[in-house]
Structure formats: structure tokens, C-alpha cells
Amino acid sequence: MAELAISATLVLLEIVPPLLKKLHLREDVQKEIVRLRDWLSLMKAFMEDNYGREGSSRILDHQVDKVRNIAYEIEDVIEEFILHSPPYTFHNHFITRKVHNLAHNVRHGFPLFGISEKIASIMRDIDDFKSQNSAFSANNNSNPRPSSSSSKIRNGLPASPLLLDDEMVGYEKPKKEFIRDLVDGDERLVRLAVAGPAGSGKTTFVKNVFWKRGIWGQFDCHAWVLVSRNFDLEELFVNMLKQFCSSRKEPYPPDDGSNTLTKLHKYLYGKRYVVVLDDICKKEDWDAIKDALPNAFCKSRIIVTTSSSDVASICASSSHHMYSLNGLEWLEGLKLFCTNAFPDINGECPYELKECCVKIVTKCDGLPHAIVAIGRALAQKPRNLNDWEKFHNSLEYEIRTDPNLFVVKNSLLPSYMDLSSNLKSCFLYFSIFPEDSSVERGRLVKLWVAEGFAIGTDGQTAEEVAEDYLNQLIHMNLVHVSKWDFDGRPRCCHVQNLVLNFLIQKCKDEGFASIFSSKEKNTSHQSWKIRRLSVHNDYSILPRDTDFGGGIRSMFLLRLLKISAVDLEKNMCKLMLLRILDFQGAPLTKFPENITRLAILKYLNLSDTKIKVIPTSIKKLFYLETLYLKQTDVTLLPKEISHLHNLRHLLAYKYNVENYVTFDSAQCVEMLCDEGIDKLTNLQKFSLVKVDEKGQILQALEKMTQLRKLGLTGLQWDHGTELSASVGLMKNLKTLDLCSTTKQEYLQLGDMSYLPQTLERLYLKGRLEQFPASISSLHKLQKIGLKWSKLYYSPLKALQCLPNLIELELVDCCIEKELIFEASCFKKLKILLIEELVNVNMIVIHDGAMPDLRQISLRRCPKLMMCPLGIHKLAKVEELILYDMPEELVARLRENSTEDHFMVKHIHVIHSFTLNNNQSWAFENLSHSFSQ
């Protein structure tokens, strides 16, 4: 919708005023820019109040398209302002700086006069638009958002027509628990909440329990209310009371002068009632309704269904009364599909269609509504393999066009429309990535910041705001976590296949992004300007008439197998207003020179490419905020990097791991330092950088006080003083990674009393003369890695009282023979890795130690012949993984052994890996006899 284009343009308009002073434009031009901002603000308010509501007309859709195009024209002009504004001067000498500014004025002065004309043209378009569309006039009182009287609260028993008469398949365990909590147990009022993504069967799950006589018959009265997006509280209470009365075949209470809330309270007093509040989407809705329902000791129950996990956690009486429905198990989904696709043969799938059925069910991601809808649609088709394969290959098209499948598409629409402009944009962003791909949290966050979706506040950085947005989408069950980090934050995320199809279609409808994939060649003409371009698999699939004439702001080349450097360079010459360039994984061996012509580029991702050299001309990218060079062959950064004063994230490292992480596994980059390096004061992440012999980079770090992550290698014995002085000033530092020059070199860290209390992750690689005692005071520390320290004594005593430590890595950290985990220590530890402790022959775990431990890894400890003593007391351990451990230890854990297996019988996963002479891994599963 135009709302997204307007929001993006309004963000840009906020940074224009300072540029206007530099450009010395006419006063009337400055006034017109203010008028543009006011008009866009009015349009944004109109969109939020009107667009997407029930009954919106084609005329409104046409008007929205016009507004979007005008917003994009304004955005183009604003970014031309930025492009032609005087940049930071790279010259320190007065004369050369003057010459540079003169050259800039000659080159950019003429385009500025053209910008003034473009603004005037846009203002004429707006005036024409106003005259043609009185609804959009600044003096128009637009139709208000529909009141609840016009958006009826449906009552009775609502359910998808697809599932009305069906017994729920699957969800057996939560169903049993739900019934138990509903009819048995607590005498007090209990609130039950059922949460899950759209289409997961929440309403059907509740219906199949609630609407059985043996269930609702145990209550004195019952009601079911579907809460609309814009409900009227009074009308909701009236409907609820009518249902309660009807369930007892009693008349509605007569009018005695009291309000409906009082009548409801009075009627329910002393009764055992049950009410379903179906599809509550906001906390505020729950807050408005809950006080109407009396809290008495009558075993009453309130049931809430919602797509938001956050709302569910607020509504439920406790976490034990929350039920998360995230989709059926695969076999359950297949059974449900076959029941609906083959009703005449008792749900038995014909042999020749089995493989196709499996592929279709897999695309449904376990969502019952989609499975049933697609199954019933296919039940009407001939059972011909070619027809079914064709249906599978065009499933996205079928969902968009087949009325029988609209339920799949429409199930997501309410949740989408509830999102704010910024959250809509963040959600749509997942359409850019290929099907079945999982995207790193950090990558998403930095992209959203570069796009302007997330803006920093007084209390939060833009990155923290973006991470909050991601968490909101996860809690609303729109985005799913593929992998969790050790600290409970999402590491990688994805959207389900059907959700991805919905988003791709939305991108087309709203002109948000254009996706070109070799799987589905998009050759249709596009009437909108391409703002975000994503190419999957093959760059050559781009239509030859693709408009590269300045409209594209973000470009992604993902999973490319091949690319023509000539075509790429030619197209990039036209992308002067590009903000984002993501080439992660592209088959590039050379830095495309034309990138440095993209003067307002904010985000550049070259990770996982074969690029070796970064040109000195990178200094032209003055607005660059993120530079990703992870897993590239770049080992040297030019000194011109110091000109990138807006840089916030510089990540350049490569891990070369064959079988084990070794001291030399991490490849760093070296920076050619000059006196300007200390101007990179906006840096938040800076890793992994080799310290120069003179330690100039350490001196420059004193000015980089905004750093959240710092990774340094090549530290020498005489660098300790400068390191401590610089790191001590970093009051926001969360991750610190320090590595000596060689495995034998000592890390001279002193007592490390300078370490910021904000540290959450600490990695020390290299020999330590003594363990820094002040680490014990880092109460926010969640992960620590001590590698190749070779201490004379175990560091456990110094670490054991860290209150928030979750992950502990000990690699060749000491020469002790015993590791002793004392009683009641490491209270929150979940992950323990012990590796290359060549002298350790015994590990002892006392009572109460590591009570929350979930995973243990033991690697290359040649003298450890027995299981850790006391491991049987670690009740929550789920995995025990062994790498190249002595055969004696492995033998004691085997099925026929009577030695140690009784101590680990509670552990579900026990695996042993042994590296053979041919550098291949031999795997042995030791857990089969202990699985429960």
C-alpha cells in the first residue's frame, strides 16, 4: 500500500533540513519541501484510517496507486538532494580542500537547479490530484474508521466452513491437557489461552473440545464471542450476555436502569460459566473485556484464542495454561490431507500420487486450514499424476485465483493489516529471500536500519529497535525461529512457505519488491517502479527491459550459480540512488568497481564471496553504515576506510575449519592505519582486526566509545596498557574477543579491572600468566571462552559464581589433572564444552552444581577414561557429545557395558565421533538403549 512508500519518504524528509542550508536553495523551494512533508503526513493518516477496511473500493485502490507514485517521486528528489549535497572532504590541506569543493560545485551544481524544477512538478501533480479526488483534499473530513456497529461482533459458534464438521486431527497431547484444565482442577477462575499462527487450527481446536455436550454441559452457562478488529465494548457485552441467557433458555434481563456491565456481573454471580473469546489480537482488547467477567470460586473458565504469544501470556492464568499450536506433525498433516482429498476411498492415497501428495503437504507447513482447503480442491480434480504435479508447481497461483482456496490467503490478512507501517515493511522483507532460506538476525536488523524502518530513540539504538520489531513478529507467530542463540535470542528466522507466497503477492500488490527466480521466471510487465530487486539463482533471468533507471533502492543477488561481470557492472552504472547492495554468496572474485560510484550506499554485504581486495576508492561511500566481509579472502583493508565516518558495522573475518577449531582457524584483516582512523566514532561492531606492531589501532579505539562488539588479534606483550585504556572507555561493550600473536605468546591483560560491566561475551585466546580475578565481577557475562590459556590451576573457582553464565568453553585452558564443579555453582549454565585438556583424568560434579545444564561436549581429552562423576545428578542434560575421546570411555557407555551407562541413562542423545586416518568421521550412537 502507499502507506509503506509514504513512511519511507517521511523518514528521508527528516534529514533534509540540514542539507538545505548547505545547498543554499531558494526560500520558496524550502517551503515547498515543508508542504510535501505535510501532504505526506495527511496521506499517511488517511491510509491508516481507511485503506484495507472492509468494503474499500476500486476507486480507492486507484487513488492509493497514485499516492504511492507521488511518494516515490518525492523520495527520488530527496535522495538526489543527498546525492548532490557537499560530502565530507577527504583533504586535510586547505588548498586541496578548496579545489575539491570547487570541483564538487561544478559537477553537482547544475543537477540542483533541476531538482527545484522537479519539486515544482510534483507540487503540480499534488494539486491536480487534490482537484480530482476530493476525498484526499486537506480540507476533507474523510470517512472515519468503521465503528463497531458497522463491523458486527459475530456470536454463536464461528468456525471455518472447511473444518466445521471435522474432528481435529493431531494436537493430541495439548488437547488432553486442555480438557483436564477446562473441566477439572482449580476451584478458582482459570484463564486458558490457545496461541498459534494463522491457519494453525486454534478455533477448531477449541471448538472440538468446547462444543461437546459432555464439556459445556458441566457449566451453568456458556458463550462464544468472536472479537472483531474494531469492536464496540457495549455491543460485545450485550452479545455475550444474550448467549449466556440463551444457553440456559432464559430471557435477557429486563431494563432496570443499570448498564450492561452490571447486568453481566449480576447474571454470572454464583454461576459456573465458560466463555470463549475468539481471536483477540491486542492486549488492550483483553484489558477492556476481562473486568466484565467475575472472579469467583465456581470453577469458571475463560478461553482465549490469539495469534500473538505475547497476548496469550498475558491472558493465561499461568504459563501452564498456555497452549501453543504451531502446526501438525508431518504424518498427521498427511492423514488430514488424504482424508479430504480421497473421501470416497476412506482417505487412502493411490500409490502413483503418494510422492506428489507428500510434496504438497510439505508446502503446507502443517497448517490444518491450508491442508484441508487444498485437499478438498484436489478432490474435485481427476486423479491424474500430471494434473496433480501441475497443481503443485503452480500452487501459489492456485491459492491466489481459486475461490475454494481463498481461506488460505485470507487467514493471514487480518494479522497483516493489524501491523504498523514499519512492522509491515519488516514482515514483507522476508519475501526477498528464497524459499526455505533462514536469515540471520543480525543481517535482518542491519538491513532494516539501512532501509529506515527502524529509527533510534533516546533510549535505544536503531539496531535495538529493529530487534524489537523482529521479536514482535515472532511473538505474533508471523515469523518463526529456525535456530536459537545460547542466550535465548533468535539466531536465524524464516517464514512458512504459504506465508512467503502471501508476502510475495503482497509485494506485487503494493510495489514493495520485485522477485526474480529461476524456479518461477517473472516476465510480466510491471507498472510500478522497482524499489527492491531480488534475483535468485541466475542473474540472466532478469528481463532485458528491466528498468534500472534510478528507481531501485535495494538489490539482492542470492544463491547465484553464475553471474556476468559485464552485465553487473553495466547495470550498476544506472543505480546511482542505491542504498542497499547484498551480494552474499554471489560468485564474485573481484570487487565490482562501480560500487564506489553508489554515493549514498548504506549497506554493502560481500560475505561468502571470493573477493580478495577492497579498492581505495571505497572512501567515496561516505554514507556507508554496514560493511560485511565475512568469509571472504580479504586480508587487508585500505587506510581510506577511515573516511567512512558513518560506518556502524565492520565485520571482516573468515573461519577455516577442517575438523577442529584451531588457533589459526580465524583469519583476520589488517588495517593500514592513518591519523584518521580515530574518526570512526560511530562504529558499533568492529571485528576481527589485527593489531599493528605500533599499536596505532589501539590508540584509535579510545575514540570508538560506541562499540558493542570488538574483536582483536595479533596482540603482543606490550599492548596491554593501551588496550586497557581504550576498552575501559567502552561503556556499551557486550562482546570482547582477544587473541595473542601466536599460541605460545602471553596475553598481557593485567587484572582486567578496566572491563566494562556491560560485557556479555568474553573470549580470551592465548596463554595467561594468571587468571584475571576481576572477571568474577562481570555479573552480566553469559558466555566465556578460555582457549590455549595453559593456566597452572583450574579457572572454575573464579568462574563458578558468575550469576548469569550460560555457556562455558574450556579449551587447553589449564594443566590440572582434575576439574571439580563445586556444590551449588554455575546455577544458570546450559552448555559446557571441555576440549584438549591433556592432563585431566577426572571430572567431578558435586551436588547442586550446574542444575540447569542441557548439553555437554567432551573433546580430545586423552586421559579421561570415565564419565564425569556426578553426571547422574544433572537431571536436565539432553545431550552428551564425544569427539575423539579414549576408547575406554566410549566402551563404558556402550549398551552391553555395566560400567557407566547407569549414570547416563537419563540422557536422550549420546553420540561419539572419532576422526579416522583418512580425515573422515566415524559415528557411533550410544543413546538408543537409553532413549525414553
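Residues numbered from 1 in each chain as written. Predicted model: local features only at pLDDT ≥ 70, side-chain atom pairs only at ≥ 80, totals over all residues. Heavy atoms only, no water.

Draft legend 1. Summary view of the overall build of the protein chain. In terms of helices and strands, the protein chain carries 28 helices and 32 strands. Buried positions account for 54% of the 932 residues belonging to the protein chain. Counting only contacts in the protein chain whose residues sit at least 6 apart along the sequence, the fraction spanning at least 24 positions is 63%. Approximately 41200 Å² of the protein chain is accessible, and the part contributed by carbon and sulfur atoms is 50%. (Helix = DSSP H or I, 4+ residues; strand = E, 2+ residues; numbered from the N terminus. Buried < 20%, exposed > 50% of the residue type's maximum accessible area, 1.4 Å probe, protein only. Contact = heavy atoms within 4.5 Å. Areas by Shrake-Rupley, 256 points an atom, 1.4 Å probe, with all protein chains shown as cover.)

Draft legend 2. Layout of the side chain of D487. Structurally, D487 is set in the loop between β7 (480–484) and β8 (490–494). Within the local environment of D487, its side chain forms a polar contact with the backbone nitrogen of R489, the two atoms lying 3.2 Å apart. (Polar contact = N/O pair within 3.5 Å; in protein donor to acceptor, adjacent residues only side chain to side chain.)

Draft legend 3. Spotlight on unusual backbone geometry. Geometrically, the link from S687 to L688 is a cis peptide bond, its omega value of 0° lying close to zero. Looking at the secondary structure, you find L688 in strand β20 (residues 685–690). With a phi close to 55°, Y171 is a non-glycine residue in the positive phi region. Within the secondary structure, Y171 sits in the loop between α5 (94–132) and α6 (172–183). The exposure class of Y171 is buried, given its relative accessible area of 7%. With a phi close to 50°, D884 is a non-glycine residue in the positive phi region. If you trace the backbone, D884 turns up in the loop between β30 (879–883) and α28 (887–893). Take D884: its relative accessible area is 23%, and that puts it in the partly exposed class.

Draft legend 4. Broad picture of the sheet that holds β7. Ordered in space as β6-β8-β7, the 3 strands form an open sheet in which the pairing is antiparallel. The open sheet is flanked by β6 (439–440) and β7, the only strands paired with a single partner. Relative to β8, β7 runs antiparallel, the two sharing 4 bridges. Residue pairing across strands places W484 opposite P490, the latter belonging to β8. Those strands touched by helix α22 (residues 462–475) are β7 and β8, and its axis lies near 60° from that of β8. (Pairing = 2+ DSSP bridges. Axes fitted to C-alpha atoms, helices over the stretch in contact; angles between N-to-C directions.)

Draft legend 5. Fine view of the sheet that holds strand β4 (residues 301–306). Within the open sheet, the 5 strands sit side by side as β2-β3-β4-β1-β5. Their pairing is parallel. The sheet is open, and its two edges are formed by β2 (221–226) and β5 (322–324), each paired on a single side. Strand-to-strand twist across the sheet, computed as the mean angle between neighbouring axes with direction ignored, equals 10°. Alignment of strand β1 (residues 190–195) against β4, held across 6 bridges, turns out to be parallel. The residue of β4 that forms the bridge with R191 is I302.

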